[in-house]
Amino acid sequence: MIVDDTFSQLVKQSLGFVVPKEDEIDALLADNDLYREYGLALAWMQDYLVGYSSLPFHRRTPKSESKTYIQEVLSSDLMKPLVDNFVKNQAIILRFSEIAEANTDSESIKSLIDNFLNEMADFRIFLREAQKNGDKESLTAMYTKQKSAETEAFKAQLQWLKNNVLKSIFISSLKFQPEELNELEDEAILLPEY
Amino acid sequence: MCMWGSPFYPYQTANPASSNPYKIYSQLYEPFKEDDDYNKLVAQFRKDLGNGVNLKMSSDKTLRNALIDICDKIEVTFFYPMVYRVDIQQIPDKRKIVENSGKIGSNEYLIRDLQETEFDILFADFEQEPNLDNDHLQLISESISNNEALAILEARSK
């Protein structure tokens, strides 16, 4: 397996928009005030990132202001049920911002940011629909799909570690011959399949 | 009402797509025409308008929440784009504020105190748009009160 493929998949999954968990979705749909504030918070997050994106979204406030509003929302008691999700997404946008500042011409960073913003926009649209009709099925499906994609990317990464890094260690440090490793692998001694 | 001020060049403008009125117009007209409630740009406008309300209305929480909910739930037909023509040469420089994306390359101004005598509607064909109705006409009339406007907007935000 090519390193770039597994790595980029893992990065894409770990830097995608973090969809709220089922209990968080329930909280959002049960409390109109929480739903309202969470929506505004996502809009500030988007505002923070649009300058690095190729999507036709428009920045409304300077980045520093967006950051202040994000911090304000995060410190509000109302947001407590969603604080875990909010902190995870905030960490991602800050990371994106740092990477994008250091790599201003990087198309791959732009693409990752576009992916994050697209996923966030999709979630907002589904959330709005669920809030209107009381049906959370599309949101839980989104969460399940994300979890499953994360698991697959993680498995692929472990497989890559097994195929590359661990074999190198066995060969260089433990003086195994490649064919001996194949025998060990056949007998599932090295690492189980994931 | 969301007002966008920038020279209306359809091609090779200095502005990026996100600040190009020609592109913004088409991106809003399409979901309006198709009654597409899943459009991402409309979704963004909903939240941005909500955040605008949030910044301006911090003293009256009830009205603030009602307006943010309207921004979130209002029918997509209310995002019908209108083009206004402003003779920018007639506006004194001190009233032409450069903010946000205007500071990073976009050719655009924010005019906070634009008077009715300083612009005309270039096109907004209410009569030819079957999706627009009497509510829209009432909302842009001068005689409507704040409470009447709020009642119309809330009725269309279910």
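On a predicted model such as this, the values are computed, not experimentally measured, just so you know. (Residues numbered from 1 in each chain as written. Chains lettered and ligands numbered in written order. Predicted model: local features only at pLDDT ≥ 70, side-chain atom pairs only at ≥ 80, totals over all residues. Heavy atoms only, no water.)

**Digging into the environment of Asn133 of chain A**
All names here are of chain A.
Part 1: Its place among the elements puts Asn133 in helix α6 (residues 107–133).
Part 2: Classification of Asn133 by relative accessible area gives partly exposed; the value is 47%.
Part 3: In this structure the C-alpha to C-alpha distance between Asn133 and Gln177, which are 44 residues apart in sequence, comes to 63 Å.
Part 4: Side-chain polar atoms of Asn133 contact the backbone nitrogen of Asp135, separated by 2.9 Å. (Helix = DSSP H or I, 4+ residues; strand = E, 2+ residues; numbered from the N terminus. Buried < 20%, exposed > 50% of the residue type's maximum accessible area, 1.4 Å probe, protein only. Polar contact = N/O pair within 3.5 Å; in protein donor to acceptor, adjacent residues only side chain to side chain.)

**Remarks on the confidence of the model for chain B**
Residue and element names in this part refer to chain B.
Part 1: Confidence in the prediction of chain B, expressed as mean pLDDT, is 82, and 81% of residues score 70 or more.
Part 2: The secondary-structure element of chain B with the lowest mean pLDDT is strand β2 (residues 119–123), recorded at 76, while helix α3 (residues 61–73) shows the highest, at 93.
Part 3: Across the assembled chains, the prediction reports ipTM 0.75 with pTM 0.75. (pLDDT = per-residue confidence, 0-100.)

**Topic: the interface of chain A and chain B**
Many authors give the size of an interface as the accessible area that is lost as the parts come together.
Part 1: The interface is formed by 27 residues belonging to chain A together with 30 residues belonging to chain B.
Part 2: Contact between chain A and chain B buries roughly 2700 Å² in total, counting both sides, with carbon and sulfur atoms accounting for 52%.
Part 3: For the interface between chain A and chain B, the tally reads five salt bridges.
Part 4: Note that Asp37 of chain B and Lys132 of chain A form a salt bridge whose closest N and O atoms lie 3.5 Å from each other.
Part 5: Here chain A and chain B share 14 residue pairs in polar contact (both at pLDDT 80 or more) between them.
Part 6: Of all the secondary structure elements, the ones that give two or more residues to the side of chain A that touches chain B are α3 (32–49) and α6 of chain A. (Contact = heavy atoms within 4.5 Å. Buried area = accessible area lost by both parts, 1.4 Å probe. Salt bridge = Lys/Arg side-chain N within 4 Å of Asp/Glu carboxyl O.)

**Here we look at unusual backbone geometry**
Part 1: With a phi close to 50°, Asp35 of chain B is a non-glycine residue in the positive phi region.
Part 2: On the secondary structure map, Asp35 of chain B appears in the loop between α1 (21–34) and α2 (40–56).

**A look at the side chain of Gln46 of chain A**
Part 1: You can see Gln46 of chain A is positioned in helix α3.
Part 2: When sequence neighbours within four positions are dropped, the list of residues in contact with Gln46 of chain A reads Phe57, Leu117, Met120 and Arg124 of chain A together with Gln44 of chain B.

**Here we look at helix α5 (residues 83–102) of chain A**
Residue and element names in this part refer to chain A.
Part 1: Given a rise of 1.5 Å per residue, 20 residues ought to cover 28 Å, and the 29 Å separating the end C-alpha atoms of α5 matches this to within 8%.
Part 2: Those residues of α5 that sit buried are Asn85, Phe86, Asn89, Gln90, Ile92, Ile93, Phe96, Ser97 and Ala100. The buried side chains of α5 occupy one side of the element, clustering within an arc of 160° when seen end-on. Among the exposed residues of α5, those pointing more than 90 degrees away from its buried face are Glu98 and Ala102. (Expected span 1.5 Å × (residues − 1). Arc of directions from axis to C-beta.)

**Some thoughts on a nonpolar patch on the surface**
Part 1: Judged by side-chain polarity, Leu161, Val165 and Ile169 of chain A come together as a nonpolar surface patch covering roughly 200 Å² of accessible area.
Part 2: Within the secondary structure layout, Leu161 of chain A lies in helix α7 (residues 137–172). (Patch = residues over 30% accessible without salt bridge, like charges linked within 9 Å, V, L, I, M, F, W, Y side chains within 5 Å. Areas by Shrake-Rupley, 256 points an atom, 1.4 Å probe, with all protein chains shown as cover.)

**Some words on the packing of aromatic side chains**
Part 1: Per the counting criterion, the structure on display carries ten aromatic pairs over all chains.
Part 2: Ring geometry for Phe32 of chain B against Tyr80 of chain B: centres 4.7 Å apart, planes inclined by 45°, an arrangement best described as tilted. Of the two residues, Phe32 of chain B sits in helix α1 while Tyr80 of chain B sits in the loop between α3 and β1 (83–86), which places them 48 residues apart along the sequence. The two residues Phe32 of chain B and Tyr80 of chain B agree in class, both being buried.
Part 3: Three or more aromatic residues joined by ring pairs form one cluster here, namely Phe17, Tyr38, Phe96, Phe116 and Phe123 of chain A. (Phe/Tyr/Trp six-rings, centres within 6.5 Å; stacked < 30°, edge-to-face > 60°.)

**Notes on the packing of α1 of chain B against α2 of chain B**
Residue and element names in this part refer to chain B.
Part 1: Contact geometry for α1 and α2: axes closest at 9 Å, N-to-C directions at 100°. When the axes of α1 and α2 are compared, the pair comes out roughly perpendicular. From α1, Ile24, Gln27, Leu28 and Pro31 reach across to α2, where they touch Leu41, Val42 and Phe45.
Part 2: Grouping the constituent residues of the contact of α1 with α2 by class yields six nonpolar, one polar and no charged. (Axes fitted to C-alpha atoms, helices over the stretch in contact; angles between N-to-C directions. Parallel < 35°, antiparallel > 145°, perpendicular 65-115°, else oblique. Nonpolar A, V, L, I, M, F, W, Y, C, P; charged D, E, K, R; others polar.)

**Regarding the packing of α3 of chain A against α3 of chain B**
In helix packing, the relevant descriptors are the interaxial angle and the interaxial distance, both defined with respect to the helix axes.
Part 1: Put simply, α3 of chain A and α3 of chain B touch, their axes get as near as 11 Å, and they point 65° apart. Regarding the angle of α3 of chain A to α3 of chain B, the classification is roughly perpendicular. Of the two possible hands of crossing, α3 of chain A and α3 of chain B adopt the one that is left-handed. Across the interface between the two elements, Asn32, Asp33, Tyr35, Arg36, Glu37 and Leu40 of chain A of α3 of chain A pack against Arg64, Asn65, Ile68, Asp69, Asp72 and Lys73 of chain B of α3 of chain B. (Left-handed = near helix turned anticlockwise from the far one by under 90°.)

**Here we look at the side chain of Asn51 of chain B**
Part 1: Examined against the element boundaries, Asn51 of chain B turns out to sit in helix α2.
Part 2: Accessibility expressed as a relative area gives 3% for Asn51 of chain B, which makes it buried.
Part 3: Setting aside anything within four residues of it in sequence, one finds Asn51 of chain B in contact with Leu40, Ala43 and Trp44 of chain A.

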